[in-house]
Amino acid sequence: QVQLVESGGGSVQAGGSLRLSCAASGFTFSRYSMGWFRQASGEEREGVACIVTYGSTGYAESVKGRFTISRDNANNTLYLQMNSLKPEDATMYYCAASKAPWFSGVSCLSPSAYNYWGQGTQVTVSS
């Protein structure tokens, strides 16, 4: 059974840091591209960061320079290091996996390309 389990969310003051983790099981992790998405209440899901099978990464403009996505294929784990957090970053964060191929110049931030989703973890940022 495919499972994606997020952890690491919590409450932090503005300017602080959090590291989200996503533990994957039930599929060949190294053969899937991975992404982090966030969704506020009443709004559509948006791509935050992604990392494809061959290592290239993509980031939303709003988080470039502050967030870093990485993966540990040996441990089937995806990470999102979030630094310099802002109140605007506060929402639910979701881990997702995609078997779709990506090529140079093609973004991996579209939610529609992802096959599996985690349950989410809450991030709160106090101003």
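Look above for the structure.
Notes on the structure in this doc start here. (Residues numbered from 1 in each chain as written. Predicted model: local features only at pLDDT ≥ 70, side-chain atom pairs only at ≥ 80, totals over all residues. Heavy atoms only, no water.)

**Focus: the sheet that holds strand 1 (residues 3–7)**
- The strand order 1-3-8-7 describes an open sheet built from 4 strands, whose pairing is antiparallel. Across the chains shown, the open sheet's two edge strands, defined by having one partner strand only, are strand 1 and strand 7 (67–72). Adjacent strand axes in the sheet meet at a mean angle of 15 degrees, parallel and antiparallel pairs treated alike.
- Across 6 bridges, the pairing between strand 7 and strand 8 (residues 77–82) is antiparallel. When the bridges of strand 8 are listed, arginine 71 appears paired with leucine 78. (Pairing = 2+ DSSP bridges. Helix = DSSP H or I, 4+ residues; strand = E, 2+ residues; numbered from the N terminus. Axes fitted to C-alpha atoms, helices over the stretch in contact; angles between N-to-C directions.)

**Things to note about the nonpolar core**
- Ranked by size, the top nonpolar core spans 27 residues in total, and within it Met34, Trp36, Leu78, Leu80 and Met82 carry the most contacts.
- Within the residue set of this core, elements represented by two or more residues are strand 3 (18–25), strand 4 (33–39), strand 5 (46–51), strand 7, strand 8, strand 9 (91–98) and strand 11 (121–126).
- At 4 residues, strand 3 tops the list of elements feeding residues into this core.
- With residues near it in sequence (within four places) discarded, methionine 82 still touches Gly16, Ser17, Leu18, Leu20, Arg66, Phe67, Tyr93 and Val123.
- Phe37, Cys50, Val52 and Ala96 belong to the second-largest nonpolar core, a separate cluster that totals 8 residues. (Core = buried A, V, L, I, M, F, W, Y, C linked by side-chain atoms within 4.5 Å. Buried < 20%, exposed > 50% of the residue type's maximum accessible area, 1.4 Å probe, protein only. Contact = heavy atoms within 4.5 Å.)

**Thoughts on the side chain of serine 21**
- Note that serine 21 resides in strand 3.
- On the accessibility criterion, serine 21 (15% relative accessible area) is buried.
- Not counting chain neighbours up to four residues away, the residues in contact with serine 21 comprise Val5, Glu6, Ser7, Trp36, Thr77, Leu78 and Tyr79.

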